[in-house]
Amino acid sequence: MQQDTEAPLRKRTHNLAHDLVAKLSQSILLGQLKPGQKLPSEGAIVREHGVSRTVVREAISKLQASGLVETRHGIGTFVLEQTGEPGLRLNVDTAAGVRAILELRLGLEAQAAALAAQRRSERQLQQMREALDDYQQLLSSNDSCVEADRRFHLLIAEATDNTCFVEIMQHLGSAMIPRTRVNLAERGQADLGRLAQFANLEHEAIFNAIKRQDPDAARAAMWLHLTNSRDRFGAGG
């Protein structure tokens, strides 16, 4: 009888650890916890997330195994720089490379948007809104919108409640929003500010579909956004 009691307990501990890993890894991948930053103490994580020390230790162990953090004995646990998989080589220094990345993102992010519409939380929706507000503010002041753009797309991946989407998007790294890395000759007549204005309108359509919890509309809006981005860049603006 005791074995029957212990099995559900182990399963619950494992599930809580899995949830904590997802939360911490998303904070790392979204840049909320930055490379070199020390994680809160074990006790602080216990208090913040309402879990046991056993759960925290299991979660930290999994984060170490995935290469997201390292523990320095007697000092603490620190976030590691994410450089992507050694075998992942993406050419985003040419217009053709940008178009290829956008084609890759079409299938991935269209599905992510649909899942996000079904599974997003109110908090995640608010974070998306904040990312778009930052994007619009930067656009109006003629500053780079790249980081806000990247954050919006990562938040959609997070809202899928599937860490695989977040991890794949993170592996894309700077290749996710690669347009500024293309040299002027390859870029042709493309006006990056004008492209950002178009993208801003398309982001709003994606956001509104996710807000309405309409997966078909979210999928279509993301598909249209990435297709337009590819076509606009390919046409030189």
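Residues numbered from 1 in each chain as written. Predicted model: local features only at pLDDT ≥ 70, side-chain atom pairs only at ≥ 80, totals over all residues. Heavy atoms only, no water.

- The protein goes by GntR family transcriptional regulator in an unreviewed UniProt entry, where it is assigned to Pseudomonas frederiksbergensis.

1. Some remarks on the overall build of the protein
Thought 1: Across its full length, the protein carries 10 helices and 2 strands.
Thought 2: Sorting the 237 residues of the protein into buried and exposed places 44% on the buried side.
Thought 3: For the protein, the proportion of contacts with a sequence separation of at least 24, taken over those separated by at least 6, is 72%.
Thought 4: Total accessible area computed for the protein in this model is approximately 12600 Å², and 50% of it derives from carbon and sulfur atoms. (Helix = DSSP H or I, 4+ residues; strand = E, 2+ residues; numbered from the N terminus. Buried < 20%, exposed > 50% of the residue type's maximum accessible area, 1.4 Å probe, protein only. Contact = heavy atoms within 4.5 Å. Areas by Shrake-Rupley, 256 points an atom, 1.4 Å probe, with all protein chains shown as cover.)

2. So, the packing of helix α6 (residues 146-159) against helix α7 (residues 163-172)
Thought 1: The geometry of α6 relative to α7 is characterised by a closest axis approach of 7 Å and an angle of 155 degrees between their N-to-C directions. Here α7 runs roughly antiparallel to α6, going by the angle between their axes. Two packed elements cross with a definite hand, and for α6 against α7 that hand is right-handed. Judged by residue contacts, Arg 150, His 153, Leu 154, Ala 157 and Glu 158 of α6 engage Phe 165, Val 166, Met 169 and Gln 170 from α7.
Thought 2: When grouped by side-chain class, the residues that make up the contact of α6 with α7 number 5 nonpolar, 2 polar and 2 charged. (Axes fitted to C-alpha atoms, helices over the stretch in contact; angles between N-to-C directions. Parallel < 35°, antiparallel > 145°, perpendicular 65-115°, else oblique. Left-handed = near helix turned anticlockwise from the far one by under 90°. Nonpolar A, V, L, I, M, F, W, Y, C, P; charged D, E, K, R; others polar.)

3. Here's the deal with the pairing of strand β1 (residues 69-72)
Thought 1: Pairing analysis gives 4 bridges linking β1 to strand β2 (residues 76-79), with the strands arranged antiparallel. Considered in β2, the bridge of Arg 72 is made with Gly 76.
Thought 2: Between β1 and β2, which follow one another and run antiparallel, lie 3 residues, and Gly 74 among them has a positive phi close to 85 degrees. (Pairing = 2+ DSSP bridges.)

4. Topic: helix α3 (residues 53-65)
Side chains that are three or four residues apart share a direction in an α-helix, a result of its 3.6 residues per turn.
Thought 1: Along its 13 residues, α3 runs 18 Å from first to last C-alpha, staying within 8% of the 18 Å computed at 1.5 Å per residue.
Thought 2: Among the residues of α3, those classed as buried are Val 55, Val 56, Ala 59, Ile 60 and Leu 63. For α3, the angular spread of buried residues about the axis comes to 130 degrees, placing them on one side.
Thought 3: Following α3 by one or two positions, Gly 67 has its phi on the positive side, about 80 degrees. (Expected span 1.5 Å × (residues − 1). Arc of directions from axis to C-beta.)

5. Quick look at unusual backbone geometry
Thought 1: The backbone of Asp 161 shows a phi angle near 60 degrees, a positive value even though the residue is not glycine.
Thought 2: Here Asp 161 is to be found in the loop between α6 and α7.
Thought 3: Asp 161 sits in the exposed class, given a relative accessible area of 63%.
Thought 4: For Gln 213, which is not glycine, the phi dihedral falls at a positive 60 degrees.
Thought 5: Counting through the fold element by element, Gln 213 comes out in the loop between α9 (192-211) and α10 (215-234).

6. Quick notes on the pattern of salt bridges
Side chains carrying opposite charge are able to pair once their charged atoms draw close together.
Thought 1: Counting across every chain of the model gives 10 salt bridges.
Thought 2: Among the salt bridges present, the one from Arg 57 reaches Glu 42, with a minimum N-O distance of 3.0 Å. With a gap of 15 residues between them, Arg 57 in helix α3 and Glu 42 in helix α2 (residues 42-49) connect regions that are remote in the sequence.
Thought 3: Glu 42 gets classed as partly exposed once you look at its relative accessible area, which sits at 25%. (Salt bridge = Lys/Arg side-chain N within 4 Å of Asp/Glu carboxyl O.)

7. Remarks on the nonpolar core
Thought 1: Among the nonpolar cores identified, the biggest contains 51 residues, and Leu 20, Met 128, Phe 152, Ile 156 and Ile 210 are the most heavily contacted of them.
Thought 2: Ranked by residue count, the leading element in this core is helix α4 (residues 95-119), at 9 residues.
Thought 3: Two domains share this core, each providing at least three of its residues, namely domain 1 (9-79) and domain 2 (95-235).
Thought 4: Beyond its immediate stretch of four places on either side in the chain, Met 128 contacts Phe 152, Leu 155, Ile 156, Ala 159, Phe 207 and Ile 210.
Thought 5: One finds Leu 139, Cys 145, Ala 148 and Ala 199 within the second-largest nonpolar core, a separate group that totals 6 residues. (Core = buried A, V, L, I, M, F, W, Y, C linked by side-chain atoms within 4.5 Å. Domains from an automatic or database assignment.)

8. A word on the side chain of His 225
Thought 1: Position of His 225 relative to the elements: it lies in helix α10.
Thought 2: What makes His 225 buried here is its relative accessible area of 3%.
Thought 3: Within polar-contact distance, the side chain of His 225 engages the side chain of Glu 202 at 2.7 Å.
Thought 4: With residues near it in sequence (within four places) discarded, His 225 still touches His 153, Ala 199, Glu 202, His 203 and Ile 206. (Polar contact = N/O pair within 3.5 Å; in protein donor to acceptor, adjacent residues only side chain to side chain.)

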